[in-house]
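Residue-level structural notes
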Amino acid sequence: MIKPKFIKIETTNRCNAQCIMCPHKTFNPKRLMDMPFETVKRLLDEATWKPTVQLSGFGEPTLYPQLVDAVKLCRKKGMPCRIYTNGMLMSPELTKKLVDAGLTWFIITVDGRDKETFEKIRVGLNFETVEYNIKEAWKICRNSKTTMKLGSVICKENKHDIKNIERYWRPYAHNYRAWIEIPLVHGRVPTSYKTCGARGWRPWTQLVVRANGNVPFCCIDVADEYPIMGNVHESKMLQIYNSPKFNELRRRVKEQRNMPEMCKLVCLR
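Overview of the structure. Residue positions within a chain follow its written sequence, with the count starting from 1. Confidence filtering applies because this is a predicted model: local features only for residues at pLDDT of at least 70, side-chain atom pairs given and counted only at 80 or more, and all residues used for totals across whole chains, interfaces and linings. Here the side-chain values reflect all heavy atoms present in the structure, with hydrogen atoms and water set aside.

**Observations regarding the overall build of the protein**
What counts here: Helix and strand definitions follow DSSP, with helices as H or I runs of at least four residues and strands as E runs of at least two, each counted in order from the N terminus. It only takes one pair of heavy atoms within 4.5 Å for two residues to be counted as in contact. Only the protein chains shown count as covering a residue, and every accessible area follows the Shrake-Rupley method with a 1.4 Å probe.
For the protein, the count of helices and strands is 10 helices and nine strands. When contacts within the protein are restricted to residue pairs at least 6 apart in sequence, those whose partners lie at least 24 apart make up 71%. Just so you have it, the protein exposes about 12400 Å², and 50% of that area is on carbon and sulfur atoms.

**Details of the pairing of strand β7 (residues 206-209)**
Quick note on the threshold: Under the scheme applied here, a residue whose accessible area is under 20% of the maximum for its type counts as buried, over 50% as exposed, and between as partly exposed, the area being computed with a 1.4 Å probe on protein chains only. Strands pair, by our definition, only if DSSP identifies at least two bridges between them.
Burial of the side chains of β7 extends over both faces: Gln206 and Val208 are buried on one face and Leu207 and Val209 on the other. In the sheet, strand β1 (residues 6-9) pairs with β7 via four bridges, with the strands oriented parallel. Of the residues in β7, the one forming a bridge with Ile7 is Leu207.

**Some words on the packing of helix α2 (residues 67-76) against helix α3 (residues 92-101)**
Condition: To obtain an axis, a line is fitted to C-alpha atoms, over the contacting stretch when the element is a helix, and the angle between two such axes runs from 0 to 180 degrees between their N-to-C directions. Throughout this description, any angle smaller than 35 degrees is read as roughly parallel, any larger than 145 degrees as roughly antiparallel, any in the 65 to 115 degree range as roughly perpendicular, and the remainder as oblique. For any pair of crossing helices, the crossing counts as left-handed if the nearer helix is rotated counterclockwise from the farther one by less than a right angle, and right-handed if it is rotated clockwise. All residues other than Ala, Val, Leu, Ile, Met, Phe, Trp, Tyr, Cys, Pro, Asp, Glu, Lys and Arg, Gly among them, are scored as polar; the first ten of these are nonpolar and the last four charged.
With their axes 8 Å apart at the nearest point, α2 and α3 run at an angle of 15 degrees to one another. Here α3 runs roughly parallel to α2, going by the angle between their axes. Remark: the crossing between α2 and α3 carries right-handed chirality. Contacts from Leu67, Val68, Val71, Lys72 and Arg75 of α2 reach α3 at Leu94, Lys97, Leu98 and Ala101. Per-class residue counts for the contact of α2 with α3 are six nonpolar, no polar and three charged.

**Topic: the packing of aromatic side chains**
The line we're drawing: By convention, a stacked pair of Phe, Tyr or Trp rings (six-membered ring in the case of Trp) has centres within 6.5 Å and planes under 30 degrees apart, an edge-to-face pair has planes over 60 apart, and any other such pair is tilted. Definition used: whenever NZ (Lys) or CZ (Arg) falls within 6 Å of the ring centre and also within 35 degrees of the ring normal, the charge is taken to sit over that ring.
Taken as a whole and assessed by the stated rule, the structure comprises seven aromatic pairs. On the basis of an interplanar angle of 70 degrees and a centroid distance of 6.3 Å, the ring pair of Phe127 and Trp169 is categorised as edge-to-face. Taken together, the positions of Phe127 in helix α5 (residues 127-141) and Trp169 in helix α6 (residues 162-169) put the pair 42 residues apart, joining distant regions of the chain. By the burial criterion, Phe127 is buried, and Trp169 matches it. Site record: aromatic cluster; members linked through ring pairs are Phe118, Phe127, Tyr168, Trp169 and Tyr172. Note that Lys149 overlies the ring of Trp105, its terminal NZ or CZ placed 3.9 Å from the centroid.

**Side note on the sheet that holds strand β5 (residues 147-154)**
Here we have seven strands laid out as an open sheet, ordered β6-β5-β4-β3-β2-β1-β7, and parallel in their pairing. Looking along the sheet, the strands with just one partner apiece sit at the ends: β6 (175-180) and β7. Looking at each pair of strands side by side, their axes are set apart by 20 degrees on average, direction ignored. Sheet topology note: the β5/β6 ladder contains six bridges and is parallel.

**Here we look at the pattern of salt bridges**
Note the threshold: Every case where a carboxyl oxygen of Asp or Glu lies within 4 Å of a side-chain nitrogen of Lys or Arg is listed as a salt bridge.
As enumerated under the stated definition, the model contains 15 salt bridges in all. Its salt-bridge partner being Glu38, residue Lys41 comes within 2.8 Å of it at the nearest N-O pair. Of this pair, Lys41 and Glu38 are both found in helix α1 (residues 37-46), three residues apart, which corresponds to roughly one turn of the helix. Its relative accessible area of 27% is what places Lys41 among the partly exposed residues. Look at Glu38 and you get exposed, because its relative accessible area is 54%. A salt bridge links Glu46 to Arg42, with the nearest nitrogen and oxygen atoms 3.3 Å apart. Here Arg42 and Glu46 lie together in helix α1, a separation of four residues that amounts to about one turn. Judged by its relative accessible area of 15%, Glu46 is buried. For Arg42, a relative accessible area of 31% corresponds to the partly exposed category. Linked by salt bridges that have partners in common, Lys115, Glu119 and Glu128 make up one network.

**Looking at the side chain of Glu60**
Put simply, the rule reads: His residues and chain termini do not enter the charge count, which takes Lys and Arg as positive and Asp and Glu as negative. The term polar contact refers here to a pair of N or O atoms within 3.5 Å; inside protein, the definition further demands a hydrogen-donor-capable atom paired with an acceptor-capable atom, and it admits residues adjacent in sequence only when both atoms are side-chain atoms.
Mapped onto the fold, Glu60 is located in the loop between β2 (52-54) and α2. For the buried residue Glu60, which engages in no salt bridge, the nearest side chain bearing the opposite charge is Arg122, 7.1 Å off. Among the polar contacts listed, one links the side chain of Glu60 to the side chain of Thr62, at a separation of 2.6 Å. When residues no more than four places from it in sequence are discounted, the contact partners of Glu60 are Thr12, Arg14, Cys15, Asn16, Thr85 and Asn86.

Worth remembering: the numbers are spatial, not functional.
Right, here's the structure in full:
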């Protein structure tokens, strides 16, 4: 039986931004929801093999009312946990609560070193607020057990300045990295971008649970546009992850034959 090393639990798919590179703005508002905390607890109860848990997906996790409680529960069960956040609501007060709860690491994505560039990309966010939150979070985290990371999505609006962006932000985190923009299933993918499929690991080591309980084959399928492997309200995670449907897609990806279109566009370019 395959047991994923990583579980991505989409605690919410709501977001407070409309970033230009993100497909979130195309979501039907009726789809927006928080995962019931009872579901989060049940999924963590199922994860007896102690995987690393990401408490975020295609939404802003700091909007989730029970985020701190979810972190506490992960740590109580001995599971490392992490989040990706845009930093807008990552106030010093929330950062302190998350650090005290035992958050293993978090990453704030910040795509510019000035207000004009940042707000052109991270539409709906305020540069000064995010900058303040980052600098205050670093004061809290630099000598704590929580690793603080910063990152930038490289896109046409900032690629000319990415080295300066790195130099500006690197002093305020344990780690900084930049990654290339991925249009996901909503457009062409840069030919330089390669991730999983036969060259990598995701279908064999990662399980994604959407806020509505759906389990896609891959995190790239943000809008459930491809066949769903199952739903955690109907089956247990490991049953879905080891189902004939999931294993058949793994085989097709490994052999690079009759693969899902998203694998051709994203993972095997």
